[in-house]
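Structural features, examined
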Amino acid sequence: MRNLATIDVALDEMLVNLAAIVLRLSEPELTRTPEARRALAQSVHQYGVCAARSSDPRVHELKTQLEATLKPSLRIAAIDGVKVV
């Protein structure tokens, strides 16, 4: 059983490292094309599948951060100095 716990901890560390990589690749200047956005979405989805089995709170927090990268950013526009949403 001790080996299973060691493997579980190692997998959690790998997931944390993987999330850091995907977060770096999710920068807007790297995901401008539709293909890049689809690749990011697929990576985030796969990460979510793996994170669902983890009990490490860091993994779940990173999953939330990754999912947020897929949401479009809102911009505030103004017409004649009046904010328009």
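What you see is a predicted model, and the numbers here were worked out from it, not measured in a lab.

1. Things to note about the overall build of the chain
In terms of regular secondary structure, the chain is built from three helices and two strands. Reading the chain from its N end, one meets helices and strands in the order α-α-α-β-β. Relative to the 2.2 N^0.38 estimate, which gives 12 Å for 85 residues, the radius of gyration of the chain is 17 Å and therefore markedly larger than a compact globule would have. Counting only residues that meet the buried cut, the chain has 21% of its 85 residues in that class. Here the contacts in the chain between residues at least 6 apart in sequence split such that 54% fall between residues at least 24 apart. Here the chain has roughly 6,700 Å² of accessible surface; of this, 61% comes from carbon and sulfur atoms.

2. A closer look at the nonpolar core
Counting residues in hydrophobic clusters, the biggest one holds 11 residues: Leu15, Val16, Ala19, Val22, Leu40, Val44, Tyr47, Ala51, Val59, Leu62 and Leu66. Secondary-structure elements contributing two or more residues to this core are α1 (2-25), α2 (34-51) and α3 (57-68). Among all residues touching Tyr47, those that are not within four sequence positions of it are Leu15, Val16, Leu18, Ala19, Val59, Leu62, Lys63 and Leu66.

3. Overview of the side chain of Ser54
Mapped onto the elements, Ser54 comes out in the loop between α2 and α3. A polar contact of 3.0 Å, which involves the side chain of Ser54, links it to the backbone nitrogen of Asp56. Once residues lying within four places of it in the same chain are set aside, the contact partners of Ser54 are Asp12, Leu15, Val59 and His60.

4. Regarding α2
The first and last C-alpha atoms of α2 sit 25 Å apart over 18 residues, in line with the 26 Å expected at 1.5 Å per residue. Listing the buried residues of α2 in full gives Leu40, Val44, Tyr47, Gly48 and Ala51. Summarising the axial view, the buried residues of α2 lie within an arc of 100 degrees, below the 170-degree limit, and thus occupy one face. Exposed side of α2, more than 90 degrees from the buried face: Arg38, Gln42 and His45 are the residues found there. Among the structural elements, α1 and α3 are those in contact with the buried residues of α2.

Parameters and conventions
- Residues numbered from 1 in each chain as written.
- Predicted model: local features only at pLDDT ≥ 70, side-chain atom pairs only at ≥ 80, totals over all residues.
- Heavy atoms only, no water.
- Helix = DSSP H or I, 4+ residues; strand = E, 2+ residues; numbered from the N terminus.
- Rg over C-alpha atoms; globule rule 2.2 N^0.38 Å.
- Buried < 20%, exposed > 50% of the residue type's maximum accessible area, 1.4 Å probe, protein only.
- Contact = heavy atoms within 4.5 Å.
- Areas by Shrake-Rupley, 256 points an atom, 1.4 Å probe, with all protein chains shown as cover.
- Core = buried A, V, L, I, M, F, W, Y, C linked by side-chain atoms within 4.5 Å.
- Polar contact = N/O pair within 3.5 Å; in protein donor to acceptor, adjacent residues only side chain to side chain.
- Expected span 1.5 Å × (residues − 1).
- Arc of directions from axis to C-beta.

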